[in-house]
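# Chains, contacts and geometry: an overview
Here is what each chain is made of, one letter per residue.
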Amino acid sequence: MTPDPAIQVGAVSKRYGRTVALNDISFDVKRQELFALLGPNGAGKTTLLHILCTILQPDSGTVRIGGLDVIAHPTRGRRDVGVVFQEPSLDDRLTVYENLNFHGLVYGVPRRLRWQRIDEMIELVELTEWREKLVRTLSSGMKRRVEIARALIHDSRILFLDEPTVGLDAQSRERIWQYVGRLRSQRELTVVVTTHYIEEVEACDRVCVIDRGEILAMDTPAALKAAHGQQLLRVVPREDATAAEIIAAYPDTTVRRDAEIIVKSSGDALAEAFLSRYGSRIRRLSVEEPSLESVFLALTGREIRDQAAGARERTLAFGRQGGEHTR
Amino acid sequence: MKNVAIVPDDRLGRAIRLQVGGLYAIWFREVKRAVRDRGQLLGGVSRPLLWVLVMGIGLNPYFRGEIYGEVRFVVPYTYLQFIFPAVIALNIMYTSVQSAVSVIWDRQFGFLREVLVSPLPRATILLGKVLGGATVALFHGCLVLMLAQFADLSLSLGDIAWGLLLMALLAFGLTSLGIVIAGHIRSFEGFGVFSNAVILPLYFTSSSVFPLDPSLTGAQTSVIYPEWLVFLVRINPMTYAVDALRGAFIHFHQFEPWMGPAVLVGMVVVFFALALRGFSKA
């Protein structure tokens, strides 16, 4: 008998008023898989993740984690799951250690094991020197690391990471992925991560491209590229007339706001023909090999944009203000 | 390296450890945050000082009718003694309702999610929060109690124990009320305004600063005060809470002695049930 998949999602739908956030979503995540949900902001990734970690009820559909129906038994399902939310969820008036210990207690981790895990995890995310510092004194990258450490204090076999690297600098982002990699080598862990940074998805086992509440494609990065990837020519013409000509000649183009034209290319032959015809009239040309970026463009008809996470920014701004009622 | 004891996988033990540990963690967090909040402590100390030492001593001579030149009735208590239990109630009321701010805080800053995805049932989470807030409020009530000697109270150990029990019930009920209120309010600013709009009217109409009957005998009530005021005092549950505390600390009741404790228990049950209903939906 093969073990149950780590996660089984069956026909999950969720709507907010008249907006459909998720429309009949179904997929399985295998054990120990690194599974990515890729989509632009507002695609429904976070809604899906909230349903998976049982703090949101779907309108219809089933979610099984390790074979257990977690919609019917949310508290039992939560024991196996570690979550890192998109919005920070640490108590910043407590120290790093106190936050982790709190987590261990509310997940019923026995004392010895709790202390051992706290030490291990703090070491893993390289915050040993910050152990007794109040969380409010940490940088946002460090807070993220504390949250990842926290999600693994109990026996979580599934780790949900909702945009774990959003708003962080390149170095911190790199580190977070290192930790995730190290953790997966140390213990049996299934990781589901949402992101809208395409380059981060390359290392994942499987990618689920999601937009407007629907799954557009789901496969390994290599297979996605083979099936939907395209060579892209990114062109900046010297004159508007040239631009109009290119758009007329190649029907399937996308024009970006900064006047860059993206031409979908069928291969090197097309690129060469393009060059010989327009070579002298363009300011810049780059040939982009099939990438997940182009997969995304092909599937959704638009590029993923890095929009500011509005709610998160507001929350952070409020936190900095403090104030008498904020304790 | 230490050996980690292998804990037998018994379900009951695990469930108990989860519930007790979780309750303790949530309670302890509330207490710890309160201890680290100097502003709240300052309020908890200055409020009783003002009410007991300034207002209590200042109005003391007027209480017994002595300023009329003739003593029309003899009151066996000083004004200080009379308002002292009410100030305890006031301090508990402020702290309890304020402690509910932490619910808004947690929601705003995402910490609530961390608790909500944990395997703890909502009831345990709420109980931990209420117990934590109530502990802090009880402590603030005890801050007032330390001024007892200024009010010439002679308290037996039994009085103190009974008084503390009543204070704990009051703190628990009011913290639950605070959480009910917090459930309907989304911003810190709104809560500040609203809590003052709840606390002060409840306090002033609880027969805290004046007795329903100046002679304390119950004979002249409707003669002295307009009926609407008497009505407000009588429907205010805080009236009975204050009455219960008076019973404990100065052995004086305006109402039947059983009414105070009964209303307190009623507040605990009703407000906690309401808070639980709201919290389960959150």
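Residues numbered from 1 in each chain as written. Chains lettered and ligands numbered in written order. Predicted model: local features only at pLDDT ≥ 70, side-chain atom pairs only at ≥ 80, totals over all residues.

### Considering the overall build of chain A
Along chain A, the regular secondary structure elements total 12 helices and 14 strands. With the C-alpha coordinates aligned to their principal axes, the bounding extent of chain A is approximately 70 × 50 × 40 Å. Of all 327 residues assigned to chain A, the portion counted as buried reaches 40%. Intrachain contacts of chain A at a sequence separation of at least 6 include 71% that bridge at least 24 residues. (Helix = DSSP H or I, 4+ residues; strand = E, 2+ residues; numbered from the N terminus. Buried ≥ 20, exposed ≤ 12 C-beta atoms within 10 Å, placed from the backbone. Contact = placed C-beta atoms within 7 Å.)

### A short note on the nonpolar core
One finds Phe160 of chain A together with Ala89, Leu170 and Ala241 of chain B to be the most contacted residues of the largest nonpolar core, which totals 149 residues. With 14 residues, the single largest contributor to this core is helix H3 (residues 79-99) of chain B. Leu232, Leu233, Ile246 and Phe274 of chain A belong to the second-largest nonpolar core, a separate cluster that totals 9 residues. (Core = buried A, V, L, I, M, F, W, Y, C linked by C-beta atoms within 7 Å.)

### Concerning the confidence of the model for chain B
All names here are of chain B. Here chain B averages 83 in pLDDT, and 89% of its residues register 70 or above. When pLDDT is averaged over each helix and strand of chain B, the minimum, 57, is found for helix H9 (residues 221-224) and the maximum, 93, for helix H6 (residues 122-145). Here the complex is predicted with pTM 0.80, and the ipTM for its interfaces comes to 0.82. (pLDDT = per-residue confidence, 0-100.)

### Re the interface of chain A and chain B
Each partner contributes to the interface: chain A provides 31 residues, whereas chain B provides 35 residues. If you list the elements that add at least two residues to the side of chain A that touches chain B, you get helix H2 (74-78), helix H3 (96-106), helix H4 (111-124) and helix H12 (310-321) of chain A. Looking at side-chain class alone, the side of chain A that touches chain B contains 14 nonpolar, 9 polar and 8 charged residues. (Nonpolar A, V, L, I, M, F, W, Y, C, P; charged D, E, K, R; others polar.)

### Notes on the domain arrangement of chain A
How big an interface is tends to be stated in terms of accessible area lost as the parts join. The domain boundaries assigned to chain A delineate domain 1 (7-224) and domain 2 (231-289). On a C-alpha basis, the centres of domain 1 of chain A and domain 2 of chain A stand 40 Å from each other. (Domains from an automatic or database assignment.)

### Things to note about the pairing of strand E6 (residues 81-84) of chain A
Residue and element names in this part refer to chain A. Burial along E6 is two-sided: the residues Val81 and Val83 and Gly82 and Val84 are all buried. Pairing geometry for E6 and strand E7 (residues 158-162), over 4 bridges, is parallel. Looking across to E7, one finds that glycine 82 is bridged to leucine 159. (Pairing = 2+ DSSP bridges.)

### A few points about the environment of arginine 131 of chain A
Residues and elements named next belong to chain A. Among the structural elements, arginine 131 can be located in the loop between H4 and helix H5 (140-151). Here the alpha-carbon distance between arginine 131 and tyrosine 97, two residues 34 residues apart in the chain, equals 5.4 Å. Ignoring any residue separated from it by four or fewer positions in sequence, one finds arginine 131 in contact with Val96, Tyr97 and Ile122.

### Examining the packing of helix H2 (residues 38-63) of chain B against H6 of chain B
Residue and element names in this part refer to chain B. For the pair H2 and H6, interaxial distance at closest approach is 9 Å and the crossing angle is 40°. The angle between H2 and H6 falls in the class oblique. Pair H2 / H6 crosses with right-handed handedness. Taking contact as the criterion, the partners of Gly44, Val45, Pro48 and Val52 in H2 are, on H6, His140, Leu143 and Val144. Taken together, the residues of the contact of H2 with H6 break down into 5 nonpolar, 2 polar and no charged. (Axes fitted to C-alpha atoms, helices over the stretch in contact; angles between N-to-C directions. Parallel < 35°, antiparallel > 145°, perpendicular 65-115°, else oblique. Left-handed = near helix turned anticlockwise from the far one by under 90°.)

### A few points about the sheet that holds strand E9 (residues 206-211) of chain A
Residues and elements named next belong to chain A. Taken together, the 6 strands give an open sheet; going across it, the order is E6-E7-E8-E3-E9-E10, and neighbouring strands pair in mixed fashion. Two strands lie at the open edges of the sheet, namely E6 and strand E10 (214-219), each paired on one side alone. When the angles between neighbouring strand axes are averaged without regard to direction, this sheet yields 15°. Alignment of E7 against strand E8 (residues 190-195), held across 5 bridges, turns out to be parallel. When the sheet's bridge partners are listed, aspartate 162 is paired in E8 with threonine 194. Contacts between helix H1 (residues 45-52) and the sheet are confined to strand E3 (34-38), E7, E8 and E9, with E7 contributing the most and set at about 150° to the helix.

### Quick notes on helix H11 (residues 292-300) of chain A
Residue and element names in this part refer to chain A. Turning to H11, its buried residues are Leu292, Ser294, Val295, Phe296, Leu297 and Ala298. Those residues of H11 that are buried are in contact with helix H7 (198-201), E9, helix H8 (221-228), strand E11 (231-237), strand E12 (253-255) and strand E14 (282-288). Phi for glycine 301, located one or two positions after H11, is positive at around 75°.

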